[in-house]
There are 2 protein chains.
Amino acid sequence: MSGAAPLHQRIRGDIETKIVSGDWPPGHRLPFEHELMEQYGCARMTVNKVMSALAHAGLIERRRRAGSFVRQPAGQSAVLEIPDIKADIVARGQAYGYELLSYRRRSASGLDLESIAVPAGADLLVLRCRHRAGPNPFALEERRIALAAVPEAAAVDFAANPPGSWLLQHVPWHEAEHQIAARNADSEVAAALGIAPGAACLVVDRRTWRSGAPVTSVRLWFPGTLQTFVARFTPAAGGR
Amino acid sequence: MSGAAPLHQRIRGDIETKIVSGDWPPGHRLPFEHELMEQYGCARMTVNKVMSALAHAGLIERRRRAGSFVRQPAGQSAVLEIPDIKADIVARGQAYGYELLSYRRRSASGLDLESIAVPAGADLLVLRCRHRAGPNPFALEERRIALAAVPEAAAVDFAANPPGSWLLQHVPWHEAEHQIAARNADSEVAAALGIAPGAACLVVDRRTWRSGAPVTSVRLWFPGTLQTFVARFTPAAGGR
DNA sequence: AAGTGGTCTAGACCACACC
DNA sequence: GTGTGGTCTAGACCACTTA
């Protein structure tokens, strides 16, 4: 079954096995490119591709003149999937429900700055909405949209369309920053989510930019018992 | 400043800009490799390297015979750094403190199965420890170690060494699964962390394998107000 | 059948780090 | 200097997919 695989894949597999098994412990110097070249009887670009990929994945570190070394697996990092709420609920086999709780258009005040970095006075859409899984509240969404970045949003009927889905389709690619924390539900959040005041909630804050300009920010409150984030990962040492 | 950059980096930057700016919206067909080759006056391997990297990053999708296309940015994903607790505290400029609260060696019972997938009766080390930042409790750690996978652990003095650090150094590379949730502190956790019972805590569960065999599992309780996880990310569409 | 991307070669020059 | 990795070339053959 490994006979049909591309050569670079086979080489990569061999090396990864050596590293993961501990056969080549952290700090161990890997063979030089020209050695692997001979060993596998291939061109240098082929081994270089493999080694570059391993370095990019954070498994090894490459130093000119010195060679390539197995990295210390310092610090855990995990790739979290933060699913689209609707898709997530549907994937659980439940009916997705959505309600717009409040809708305001107003100028940004100083209080908005910590959630969305727009200039004071900028035109904002401020929404609160609730997502339901079947009959049960699933998440409370506090959303701000910078109309300077997405003027079309002013005309959208967010009573019918969840802002997250709409934005995803109309602001194609962007940068984002996520922050995950735990907070006790205050009475307002508790009422909206149908949970006891003080219940632990998972709070996801997401801020989104497009070419440096803030587009939207959102705080999502999930009842702590309902939502968890799972991440399966390959160990990446601090890597870049 | 861009004149000195490697050519493939310049090409990649150009294409990413077009995509992120929305100039090439999702679904847009990118130029073929031979077109980019002409456009930049370079060899095909150079453009191929760029396009492969973009595909690997999830920004585009490549189909033989059809071409390369900008992907739909479906679903948020974020790379969370889950720092080593000691390194994290030190990085905040505080003194790191550590205490072993309890230590037991016993056989695995059915109750252990949900946290660490070892056979019933397997030899386990079960620890509880507390991490401090300066004088203040920072995290409570509930740790299980499968001695079948790491027999040396039985002889280690975990009153002096945090098990996380020791394991990191002695079980170099591994797979792990993380789960992040919010829970209310019960009275026991609250006492250990010096917080009010019921306070929201961020709970990180991590299970670790080495070549398929369970090595360790850990549950970390952080006071919700103290610890948050931040992730800055480049948009990755559901992809690989 | 044709055209795309996937892979690979056998060279080359260069930057950089260490000696 | 010397040897490593970083980058690039100008070809080539193949697999797959779609028309």
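**Here's the deal with the domain arrangement of chain A**
Thought 1: Domain boundaries in chain A define domain 1 (7–72) and domain 2 (79–224).
Thought 2: Inter-centroid distance (C-alpha atoms) of domain 1 of chain A to domain 2 of chain A is 44 Å.

**Describing the protein's contact with DNA strand C**
Thought 1: Contacts to DNA strand C come from 23 residues, most closely from Leu7 and Thr46 of chain A together with Arg44, Arg62 and Arg65 of chain B.
Thought 2: Among all atoms of DNA strand C positioned within 4 Å of the protein, those belonging to sugar or phosphate total 57%.
Thought 3: His8 of chain A places a polar side-chain atom, nitrogen or oxygen, 3.3 Å from a phosphate oxygen of DNA strand C.
Thought 4: Here Arg65 of chain B contributes a side-chain N or O atom positioned 2.6 Å from a base nitrogen of DNA strand C.
Thought 5: Secondary-structure elements contributing two or more residues to the surface near DNA strand C are α1 (7–20) and α3 (44–56) of chain A together with α2 (33–40), α3 (44–56) and β2 (67–70) of chain B.
Thought 6: For the surface near DNA strand C, a count of residues per class yields seven nonpolar, seven polar and nine charged.

**Side note on the protein's contact with DNA strand D**
Thought 1: Around DNA strand D, the structure places 22 residues, and the nearest of them are Arg44 and Arg65 of chain A together with Leu7, Ala43 and Thr46 of chain B.
Thought 2: Counting only atoms of DNA strand D within 4 Å of the protein, the sugar-phosphate share comes to 58%.
Thought 3: A distance of 2.7 Å separates a phosphate oxygen of DNA strand D from a polar side-chain atom of Arg62 of chain A.
Thought 4: Here a base nitrogen of DNA strand D sits 3.4 Å away from a polar atom, N or O, in the side chain of Arg64 of chain B.
Thought 5: Mapped onto the surface near DNA strand D, the elements with two or more residues apiece are α2 (33–40), α3 and β2 (67–70) of chain A together with α1 (7–20) and α3 of chain B.
Thought 6: In terms of residue class, the surface near DNA strand D is built from seven nonpolar, seven polar and eight charged.

**Focus on the relation of the copies chain B and chain A**
Thought 1: Overlay of chain B on chain A (RMSD 0.3 Å): rotation 179°, translation along the axis 0.0 Å. Accordingly, the operation relating the two chain copies is best matched by a two-fold axis. When C-alpha positions in chain B are compared against the rotation axis, the closest is assigned to Val79 of chain B, at 2.1 Å.
Thought 2: Looking at chain B, 96% of its interface residues are interface residues in chain A too, so the copies touch through the same face.

**Quick look at the packing of aromatic side chains**
Thought 1: Counting across every chain of the model gives four aromatic pairs over all chains.
Thought 2: Sitting over the ring of Phe32 of chain A, Arg29 of chain A keeps its end group 3.9 Å from the ring centre.

**Concerning the pairing of β2 of chain A**
All names here are of chain A.
Thought 1: Residues of β2 alternate between two faces, with Gly67 and Phe69 on one and Ser68 and Val70 on the opposite face, all of them buried.
Thought 2: The pairing of strand β1 (residues 60–63) with β2 spans four bridges and is classified as antiparallel. Within β2, the position partnered with Ile60 by the bridge is Val70.
Thought 3: Two successive antiparallel strands, β1 and β2, enclose a turn made up of three residues, where Arg65 displays a positive phi of approximately 75°.

**With respect to the nonpolar core**
Thought 1: In this structure, Ile180 and Phe222 of chain A together with Ile180 and Phe222 of chain B are the most contacted members of the largest nonpolar core, which totals 34 residues.
Thought 2: If you look at the next biggest cluster of nonpolar residues, it comprises 17 residues, including Leu36, Val50, Leu59 and Val70 of chain A.

**Here's the deal with the pattern of salt bridges**
All names here are of chain A.
Thought 1: Under the definition given, this model contains 31 salt bridges over all chains.
Thought 2: Its salt-bridge partner being Glu142, residue Arg128 comes within 3.2 Å of it at the nearest N-O pair. One end of the pair, Arg128, is in strand β5 (residues 123–133); the other, Glu142, is in strand β6 (residues 136–146), with 14 residues separating them in the sequence.
Thought 3: Overall, Glu142 belongs to the partly exposed group, its relative accessible area being 21%.
Thought 4: Taken together, the shared-partner salt bridges in this structure form one network comprising Glu33, Arg44 and Arg62.

What counts and what doesn't
Residues numbered from 1 in each chain as written. Chains lettered and ligands numbered in written order. Predicted model: local features only at pLDDT ≥ 70, side-chain atom pairs only at ≥ 80, totals over all residues. Heavy atoms only, no water. Domains from an automatic or database assignment. Near = heavy atom within 4 Å. Polar contact = N/O pair within 3.5 Å; in protein donor to acceptor, adjacent residues only side chain to side chain. Helix = DSSP H or I, 4+ residues; strand = E, 2+ residues; numbered from the N terminus. Nonpolar A, V, L, I, M, F, W, Y, C, P; charged D, E, K, R; others polar. Least-squares fit on C-alpha atoms with pLDDT ≥ 70 in both. Contact = heavy atoms within 4.5 Å. Phe/Tyr/Trp six-rings, centres within 6.5 Å; stacked < 30°, edge-to-face > 60°. Lys NZ or Arg CZ within 6 Å of the ring centre and 35° of its normal. Buried < 20%, exposed > 50% of the residue type's maximum accessible area, 1.4 Å probe, protein only. Pairing = 2+ DSSP bridges. Core = buried A, V, L, I, M, F, W, Y, C linked by side-chain atoms within 4.5 Å. Salt bridge = Lys/Arg side-chain N within 4 Å of Asp/Glu carboxyl O.

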